Every structure is written in structure tokens, then in C-alpha cells.
Amino acid sequence: MRKEFTDSINRALHNDNLTGALGRFSEAYRVSRAKAYEGIDFEAVRTQVAERKSYAASHLDELAETFTRNVEVRGATVFRTSSPEEVRQYILKLARENGVESIVKSKSMASEEIHLNDFLVKSGISVRETDLGEWIVQLAKQRPSHMVMPAIHLTKEEVADIFGKEVDEPLTSDIPQLVKFARAQMRPKFLAAGMGITGANIAVAETGSLVIITNEGNARLVTTLPKIHVAIVGIEKLVADFEDITPILTALPRSATGQLLTSYVSIISGPVPNTDGTVKDLHIILMDNRRTAMSQDPKFKQALQCIRCASCLNVCPVFRLVGGHVFGKVYTGGIGTILTAWFDALKQSDEIQSLCIQCGNCAQVCPGKVPIPELILELRRRLAVEEGLPLVQKAAFSVVNNRRLFHSLLRVASLAQKPFSKDGFIRHLPMFLSEMTDFRSLPAIAEKPFRDTFKTIDQPKSKEKVAFYAGCLVDFAYPEIGESVVKVLNKAGIEVVFPEGQTCCGAPARYSGAYEVAAQNATDNIEAMLKEDVHYVVSPCPTCTVALKHEFISTFESLGKADCLPGAEELAAKVVDFSSLVKKLVDEGRLTFKEGKQLGKFTYHDSCHLKRTLKVYNEPRELLAKAGYEAVEMYEADMCCGMGGSYSLKLPEISAPILERKLKNIKDADVPLVLMDCPGCVMQIRGGMDKTCSAARVEHTAQRLAEALEDTGSERTAH
């Protein structure tokens, strides 16, 4: 990662105006979005959007031809091109042929994509953005920081200063006065302009219609007053039928800004009369710029289902810290990373893709069902193939892939850590390692790993067996979590086995793009786990569970290892997360809780993989309630804690403030106990709590359930 990029991260993190504005908006957005979708079946709407956009992405040529035919029969002109340079030259030629000296523009990401404004200005033509946010950033000589709210990173005081420089006099920061000033400045530009340029939110092939959605009246003035209207439309905006507008119009305003409907929805079907009675000269530019290539890629075709609502930005814990000037290029955030890789170049996405923490918030709210985290992993994979892995990563993965060496080094580390460990924590590390413990304490490596402790556990002999997949943290840092899992399952009369050949689940390698390393991890684990004749494979780590249940399969598919898929699928069918298995056993009456217990209040943190990938949310809460605990829901319980596996080591400067926010929410819940189902989250949150000297206990759900279950005697009797 270049120093310039890390410097930009640090500047953003220390910009109180930026983080304050983004933080306040993200909080308000959650509320307004939820209210806007009341009474709406979001899953049904997003399924309709995804289906219609997916169909369009599979039929771009056909829809473009139909659209062109239906536009031209109405008297407008369509210019279709793959080249951004041809778009720029077409508009310049059109302007010069018609004596256009000034242009007004409505908001258009497609024009930002091809850097149209700079080109036209250098060619001697005045260009004025008329969307208020776009005009602000134009005057500030910046680029938009958000796809829907371009100037969200600026305060009203900064805007007043920017406007004041435009007229060389100080202006008040009163918002109505600033809007009045903007209106007064823009109106003469609308009247003088010879050309208006817009984008479009939707282009309907069936009718040749453009749909333009705005919250300001500027777009209608841009399309009405100048005698020439040019619409720059990415071909991914095409849909087949007029009725396809409905689900998009339902989802777009609700997902973008939490509105039921935007203030202005304009549908343009052919040229309209100008104010002097002449017919408007309407030109629609269908721009490709590698969109067709994207549609032909079986993975990245899904990105064309994006409707540019930017909801992925609004819920991203990283974006709300650093903003779009760091997390993105022209297009920002997670989806912007993907579009940058295609519209600019794969290498252009190298640094910005590293900002994704893989929490999955974006995929959960995307109205187009774009699997953004999955596609960012694919970018990492392709970058790793094209650029190679850094030497440090290669060395680390070579160790992880050697199970015996990896485990031996961890055992050695448990001895070497003694000068730095106390009370189960490493609170300070020397020299260049110091930033690893700046914002949280690290867990000391256990003197005796779980795989050794397991051999000493006295268990019932039973025909019903479960294989235990520990994961690295439970095995080498938190063996007590593993002991609790075994204790719970034993109480149901289940015998637990620990396959010795298990090793790292491969998540660190996969999330770094090193799929070959992840595939070797998968192969080793499949061989180890399938040696045992078991009913289930259970893990107390959601990240490991996701790897075993989903990612082994997808890694093999990505590498074309079809011969490995049967084993991966056989294992996946047996894999279950801890809370879901225990909930099943409780429902079957095989586990019961001690009656009449009132065990106090707790708050629960939802780990990202458990809730958003495994879809497990209520199960641990219901179990803990039956055990006698009283839940106090913390604010943003399902927001990432900043761990992200190795993310907290690679980008501690971002991990730290995400954790800080989580710790504040825990503190505000005012409870003595914080529970979660992920040992990685335990490491992050417990380490943060220790650093801040908080008295609240941080534990895995298994630890509390193990103490609250009745001793039925079944753990001593074969089931």
C-alpha cells in the first residue's frame, strides 16, 4: 500500500467534519430507510429488481437495438459507442456545430466517469453543474465523495466559504440563504445555455423512454430550457419493458435517501417543443466503456444489477470513517471498487479494495442483490494472479499450509510471549509491533491448546457423534470456549470427536486472494473431517463455519477443481453453527435449562458472518433468554466490531475507530455481560474492553449456556 494512500486514510480519519457528517448521516439513514420500507416486502422488491436487471445484462445488444429503434422513430438521435473519447468528441462536435458556448448539466455519474467537464472546459466551453451538491464540489475543484450526495463531506460553513470565493464576499452559513444564493447564481446559466446534459436512471427499450429521478428541479430546467438535450446513458441502465420501472422506482428512493419517492420523476419519450415552438434536438449517447465485457463475465455480470442508490455506502462501517475520496475513485464505496476495476483498470482498484472489511452490510441492503463482498474477493483473487502476493504474505501462508509447522510455532510462541503477557492478555508489544496493541489488548496464546485439552475431557460413549472444528483462535487462544461447546453437547448425550488433521479454515488466504492456499487448507480439512463417521460438524466460529459450509465449494469452483467438489459438498451438508445446533437440541427436549434462574442482564453482539451469511440471529438470543438472561439490545448490535480477521492487523487505524464505536454502544447498554458467537469478535471486543479498563465480561455464548443447562445425566449415558 502506497504511503500516499495511507496518508489519505489518516487525513480522513482525523477530519472531524468528515467523520461527523458521515456518522450522523449513517445513523439517520438506518432509521429513515427502515421507515420508508414499512409495509413493503423488501426481499420481493429486490428480487424483482435483480431479475429485471439480470435479464437486461444478458441482452444488452438486443435491448440497445430496440431502444435505438424506438427512440429514432420519435425523431431523436442515438449514438452508441464503447469509447469514452468518442463520447467526448461527439458532444464537442455537436456543441461547435450549433455555436454552443455554455452548457448546463444535471447530475450524471456517466459524465464523471469520462471526465467530461474538464475536457469541455479545456476546449473553451463553459460548463455549469446545476445539482447543488455537484456545483459545490465543482466550485471546490473536488470530485463527488458520494454517488447520491456529492458534497456530503462538506459542512455548511465550508460551503459558505466556497460560495463566498465565487462572488468574492463573505456569506452566512445559514442553509436557506445558501440555497437562495445558489438559485440566484444558477438561473441565468439555465437561460443562457445552448445545451443541457443529463444522465438517466433508467432507459426503457420498449418505449425508447428515459427516466430521470431527482430531488431538485434543476434536471427539468436542464432538459427544458436549452434547445439541445444530450443524455449520457450507460447501457446497463437499459431495461426491457416499461413495467420494469416500477420495482426500481420503488427501491431507488427508499434505498438512496429513505424517501418514499423522489421529488421529481421525469419520463422523456422523444423530443419535446422548445419554448420558442421549435423541436428540441435530443441526442442519447449509449455508452459502453467495458460494460458489455462485464456482462460476459459470469461473476461480474451481477454488478450490472446496481441501480446506483449508494445504499452500500450508507451502511458501510469503513466508508463512514474515510468517505469516498479515499474509498473510491469516480464511483465510491464497495460497488465503486468493482466499477473502478472494470471502467478504469483492475490495478486502479488495488488499494481501495483493501478497505473492504467483508462485513456484508452492503449485500444485505442492496436492492439489486449485488454480492459486493463476494465480487471484491474476486478482485483480490485476480489482483493476486496478475500482480502476485507480497513476500510477507507468501511466507505466512506457506507456514499456515504446513499444519505441523504452524502448530509447532504457536506452541513456541506461547513460551516466547511470557515477558509480555499478564492475566491472559498481551497489553504491550515492543518496537514495530507496538501498534498491534495500541487500541486493544491481544489474547495470550494458551499454554495448552484445545487439541491437547480435549484429550483429557471425560465424555459419554455414544453412537451419535459430532466432529468439533475449533478454528485457530479456539484451539490456541480460547480453549475454554471449546471446553464449553463439548460440555453442552455432552449434556445432550452426544460424543464429540476432534479430528487431529484439522488446520486453518483458509479464510485469511481466501480473503487475500490466495485461492490456491485456501484450496489446500480446504483439502486438508475435508480429509480430516470426513474421516470421522459423524452426524454433524460443529464450530463455535462463524467465519470457520462459513468457510466449511460455503467457501470450500466456491474456492474449488473458482479454481476449476471439479474433482474436489463432492468432498466439499459432503462436508458442507454436515456443517452447522453452534447456536443453531443447540437450539435444535433444546427444541427436541434433549437439552433443558435450570428452572427459575434469573442470571442478570446481557447485551449481544451479532457477528457479521453469523447474521449475514449464515442467517442466524434469533437463535442465540432465544437460548440465552430460556437460560434466564435478560437481553438489553445495544445500538447497532449487528454492526461490525472492526475485527475482520487479519484486517485489524493490516489496517489498525480503521479497525480502531470501528471498535471504539462498538465499545461505546456496549457502554451505553449499561450491562455487566457482553455475549457473542464468534471468537474473533471476542478477541476484538474483549481486548478493547481490557484496554479501556471496563468491568463488563466478554464471553462466547457457549460459555454461558454450558453453565445454565441442566445436568440430565445423558452425558454419562449412551444415547
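Refer to the structure above for everything that follows.
Reference entry: report on the structure contained in this document. (Residues numbered from 1 in each chain as written. Predicted model: local features only at pLDDT ≥ 70, side-chain atom pairs only at ≥ 80, totals over all residues. Heavy atoms only, no water.)

## Some points on the pairing of strand β21 (residues 697-700)
Thinking step 1. Relative to β21, strand β20 (residues 673-676) is paired through four bridges, and the arrangement is parallel. Note on β21: the bridge partner recorded for Leu 673 is Arg 697.
Thinking step 2. With respect to chirality, the unit in which β20 leads through helix α34 (residues 679-691) into the neighbouring parallel β21 is right-handed. (Pairing = 2+ DSSP bridges. Helix = DSSP H or I, 4+ residues; strand = E, 2+ residues; numbered from the N terminus. Right-handed = clockwise from strand over helix to strand, strands pointing away.)

## Points about unusual backbone geometry
Thinking step 1. A positive phi angle, near 75°, is found at Arg 290, a position not held by glycine.
Thinking step 2. Looking at the element boundaries, Arg 290 is found in the loop between β10 (281-287) and α13 (291-295).
Thinking step 3. The backbone of Lys 615 shows a phi angle near 60°, a positive value even though the residue is not glycine.
Thinking step 4. Tracing the chain through its elements places Lys 615 in the loop between α30 (608-613) and α31 (618-627).

## So, empty space enclosed by the protein
Thinking step 1. In total, this model carries ten cavities of 30 Å³ or more according to the counting rule given.
Thinking step 2. Lining of the largest cavity is provided by 14 residues; of these, Cys 316, Phe 327, Gly 334, Cys 356 and Cys 362 occupy positions nearest its centre.
Thinking step 3. For the lining of the largest cavity, the elements supplying multiple residues, two or more each, are α16 (333-343), α18 (361-365) and α19 (372-387).
Thinking step 4. In terms of residue class, the lining of the largest cavity is built from nine nonpolar, five polar and no charged.
Thinking step 5. Its volume calculated, the second largest cavity comes out at about 70 Å³.
Thinking step 6. As for the second largest cavity, its lining consists of Cys 306, Ile 307, Cys 309, Ala 310, Ser 311, Cys 312, Ile 335, Cys 366, Pro 367, Val 370 and Ile 372. (1 Å grid on protein atoms, 1.4 Å probe; cavity = no way out; pocket = protein on both sides within 12 Å on 5 of 7 lines; lining within 4 Å. Points joined across faces, edges and corners; volume = space filled by probe spheres on them. Nonpolar A, V, L, I, M, F, W, Y, C, P; charged D, E, K, R; others polar.)

## A closer look at the environment of Ile 654
Thinking step 1. Along the polypeptide, Ile 654 turns up in helix α33 (residues 652-669).
Thinking step 2. Along the chain, Ile 654 and Val 370 lie 284 residues apart, while their C-alpha atoms are 25 Å from each other.
Thinking step 3. Ignoring anything within four residues of it in the chain, the contact list for Ile 654 reads Ile 9, Leu 13, Val 318, Leu 321, Val 322, Leu 355 and Tyr 647. (Contact = heavy atoms within 4.5 Å.)

## Re the nonpolar core
Thinking step 1. Formed by 80 residues in total, the largest nonpolar core has its most connected members in Val 318, Val 322, Ile 335 and Ile 654.
Thinking step 2. Ranked by residue count, the leading element in this core is α16, at six residues.
Thinking step 3. Counting 66 residues, the second largest nonpolar core, distinct from the first, contains Ala 444, Phe 454, Tyr 629 and Ala 702. (Core = buried A, V, L, I, M, F, W, Y, C linked by side-chain atoms within 4.5 Å. Buried < 20%, exposed > 50% of the residue type's maximum accessible area, 1.4 Å probe, protein only.)

## A closer look at the pattern of salt bridges
Working definition: two side chains of opposite charge can pair if their charged atoms are close together.
Thinking step 1. Counted by the stated rule, this structure contains 43 salt bridges.
Thinking step 2. A salt bridge links Asp 161 to Lys 165; its shortest N-O distance comes to 3.6 Å. Of this pair, Asp 161 and Lys 165 both sit in helix α9 (residues 156-167), separated by four residues, roughly a single helical turn.
Thinking step 3. Looking at Asp 161, the relative accessible area reads 43%, which means it is partly exposed. (Salt bridge = Lys/Arg side-chain N within 4 Å of Asp/Glu carboxyl O.)

## Describing the packing of aromatic side chains
Thinking step 1. Taken as a whole and assessed by the stated rule, the structure comprises 14 aromatic pairs.
Thinking step 2. With centroids separated by 5.8 Å and ring planes inclined at 35°, the aromatic side chains of Phe 25 and Tyr 29 adopt a geometry described as tilted. Placement of both Phe 25 and Tyr 29 in helix α2 (residues 16-36) is noted, with a separation of four residues, approximately one turn of the helix.
Thinking step 3. Since its relative accessible area comes to 1%, Tyr 29 is described here as buried.
Thinking step 4. Ring geometry for Trp 135 against Phe 181: centres 6.4 Å apart, planes inclined by 25°, an arrangement best described as stacked. Here Trp 135 is found in helix α8 (residues 132-139), whereas its partner Phe 181 is found in helix α10 (residues 175-192), with 46 residues between them in sequence. Each member of the pair, Trp 135 as well as Phe 181, is classed as buried.
Thinking step 5. Here the aromatic residues Phe 450, Phe 454, Phe 468 and Phe 498 are joined through ring pairs into a cluster of three or more.
Thinking step 6. Across from the ring centre of Phe 119, 5.9 Å away, lies the NZ or CZ of Arg 88, which sits over that ring.
Thinking step 7. Here the guanidinium or amino end of Arg 291 rests over the ring plane of Phe 343, the centre of that ring lying 4.1 Å away. (Phe/Tyr/Trp six-rings, centres within 6.5 Å; stacked < 30°, edge-to-face > 60°. Lys NZ or Arg CZ within 6 Å of the ring centre and 35° of its normal.)

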